Amino acid sequence: MQKIPALYSVIGLAAALACIPAGAQTAPDLAAQLKIMRQQLEEQRARVDDLERQLRASGVKPPVGTASPSQLERLRGTGPVVGTDWADSPAPGGAAPANSVTAGTPLDVLRGTGGADAPQAGLPAPVTGSTAAAAPAPQGAVGRAPEQAQQRQPEVAPIFETPGVLTPHGKVVFEPSIQYGYSSSNRVALVGYTVIPAILIGLLDVREVKRNSTTGSATFRYGVGNRFEIEAKIPYVYRSDSTVSREIFTGTAAERAFQTSGKGIGDVELGWRYQLNDGGVDKPYYIAGMRFKSRTGRDPFEVVTDCASRCVGQNVTGTGLPLDLPTGSGFYSLQPSVTWLLPSDPAIFFGTFSYTKNFKRGNIYRTVLNGERELLGEIDPGNVFGFNVGMGLALNEKASFSIGYDHSSVSRMRQNGQIIPGSVRIQLGTLLLGGSYRLSNNRTLNLSVGAGMTRDTPDVTLMVRMPFNL
């Protein structure tokens, strides 16, 4: 800015020379002086233009009158780019100015958001993707910075048997899993009659039963469409029971231990799921499902029961316990269900309503000792109504945590159309905690722990799953 007053000195000198009488100077002298003054004015004008360009490059507003508002807006990237003006004119010597932009350059390029293949002269090269987050913003840039690419969100840790996320179209998921369950129960049976209250004539049978069950499963899922998937599950079951009993008032204090086990293929299951609607943020997703369970496993009526001739009625002999444990239920079943998921940042709420129809069987025999068979007739195992609810929370881009509650209500069992004596409605409640960790893009490790909330529910269940995207 120190060179600008020189312009005023030249102008004042020119005015002083203009006031000198014409006769005091010769024509050649005046012409030479005017030529010198013209050269000095051009040099000062070039210096002033160069200073104004430097001021605009540093962000300082130029003096009033040096540029029109439309020109300043265009240089800031907020006005239309039409033609060229003093900012686009070449500097003395024919060199282009440092911040010159060719006519017709898009506003997106001026603001740093365009996608030009090569950077314009004086403008920083555009950045895209994740590089935009690390690159510093250019000086004087106006407009929005490039947004970062959205990272993949982790899936909710599955804690229930039915998954909530469908398989993508054309993809195959293989999910090996292993489940362990433990339960214990005490039973006191009074066999006799009472003469007066608190006095029993007969036998008092006390039993303590401990059950261990381990099931390894191989599950395959295939995405038929964007909203439809099919599933097949093949389980392998290993079970072991230990029963400790003592008959009081029999003259002995010895305890009898009865142990049995069983292993083999369980009941194979087939199913499908279909997404009913388009959900979103604060809008639930609804997924309808259907599951069919076969009876490929060894059912309870095929194993040999510890009874000499009969286990029901009079003249019962033996413990009535199976010598080998079954690996299947012995009944076909069909289970329709509806699953819902409600994303509510940062958590996801989910749950399922289901109804299991167990189909009754007729002309059933039970195998007892010595190869004899006891007729049971028609058996209706009863149906099951179930529901569960849970909440999932993503801890980071790889880990998630879930908590939920699962409840099933089993109706009473019937034999030959009549309710079996001693059969009551059973309530099964389980509190579940689960965690999920994404090991890679195609592999996830899931772990869940369940605690029984009712007497008939297993005391503890553990499940480990590791789905693979094939």
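Residues numbered from 1 in each chain as written. Predicted model: local features only at pLDDT ≥ 70, side-chain atom pairs only at ≥ 80, totals over all residues. Heavy atoms only, no water.

A. Summary view of the overall build of the protein. Secondary structure assignment for the protein yields five helices and 18 strands. Within the span of the protein, comprising 470 residues, buried residues form 31% of the whole. A separation of at least 24 residues holds for 60% of the contacts in the protein among residues at least 6 apart in sequence. Roughly 28,300 Å² of accessible area belongs to the protein as shown, and the carbon and sulfur atoms make up 59% of that amount. (Helix = DSSP H or I, 4+ residues; strand = E, 2+ residues; numbered from the N terminus. Buried < 20%, exposed > 50% of the residue type's maximum accessible area, 1.4 Å probe, protein only. Contact = heavy atoms within 4.5 Å. Areas by Shrake-Rupley, 256 points an atom, 1.4 Å probe, with all protein chains shown as cover.)

B. Examining unusual backbone geometry more closely. At the junction of Asp-345 and Pro-346, the peptide bond is cis and its omega measures out at 10° in the coordinates. When you line up the elements, Pro-346 lands in the loop between β7 (333-344) and β8 (347-358). One non-glycine residue with positive phi stands out, namely Asn-363, at about 55°. Tracing the chain through its elements places Asn-363 in strand β9 (residues 361-367). Judged by relative accessible area, Asn-363 falls into the exposed class, the value being 59%. A positive phi angle, near 55°, is found at Asn-416, a position not held by glycine. Structurally, the position occupied by Asn-416 is in the loop between β13 (414-415) and β14 (418-419).

C. Inspection of the pattern of salt bridges at higher detail. Scanning the model with the defined rule gives 13 salt bridges in all. Of the charged contacts, one joins Glu-175 and Arg-221 as a salt bridge, the two residues approaching to 3.4 Å between their closest N and O atoms. Placement of the pair is Glu-175 in strand β1 (residues 172-194) and Arg-221 in strand β2 (residues 200-223), with a sequence separation of 46 residues. For the pair shown, Glu-175 and Arg-221 are each scored as buried. Look at the salt bridges and you will find they share partners, linking Glu-175, Arg-221, Glu-229, Glu-231, Glu-269, Arg-273 and Arg-291 into a network. (Salt bridge = Lys/Arg side-chain N within 4 Å of Asp/Glu carboxyl O.)

D. Fine view of a nonpolar patch on the surface. Among the surface-exposed residues, Ile-178, Tyr-180, Tyr-437, Leu-439, Leu-445, Leu-447, Val-449, Leu-462 and Val-464 lie close enough to one another that they form a single nonpolar patch of about 700 Å² accessible area. In terms of residue count, the dominant contributor to the nonpolar patch is strand β16 (residues 443-452) (three residues). Note on placement: Ile-178 falls in strand β1. (Patch = residues over 30% accessible without salt bridge, like charges linked within 9 Å, V, L, I, M, F, W, Y side chains within 5 Å.)

E. Summary view of empty space enclosed by the protein. One pass over the full model with this rule turns up two cavities of 30 Å³ or more. Reported here for the largest cavity is a volume of approximately 100 Å³. Lining the largest cavity are Glu-161, Glu-175, Ser-177, Thr-219, Arg-221, Glu-231, Lys-233, Arg-291, Met-463 and Arg-465. When residues of the lining of the largest cavity are traced back to their parent elements, those giving at least two are β1, β2, β3 (228-248) and β17 (460-465). Along the lines of polarity and charge, the residues of the lining of the largest cavity split into one nonpolar, two polar and seven charged. What the second largest cavity holds in volume is close to 60 Å³. Every element with two or more residues in the lining of the second largest cavity is listed here: β5 (269-275), β6 (285-293) and β7. Of the residues that constitute the lining of the second largest cavity, the class distribution is two nonpolar, five polar and three charged. (1 Å grid on protein atoms, 1.4 Å probe; cavity = no way out; pocket = protein on both sides within 12 Å on 5 of 7 lines; lining within 4 Å. Points joined across faces, edges and corners; volume = space filled by probe spheres on them. Nonpolar A, V, L, I, M, F, W, Y, C, P; charged D, E, K, R; others polar.)

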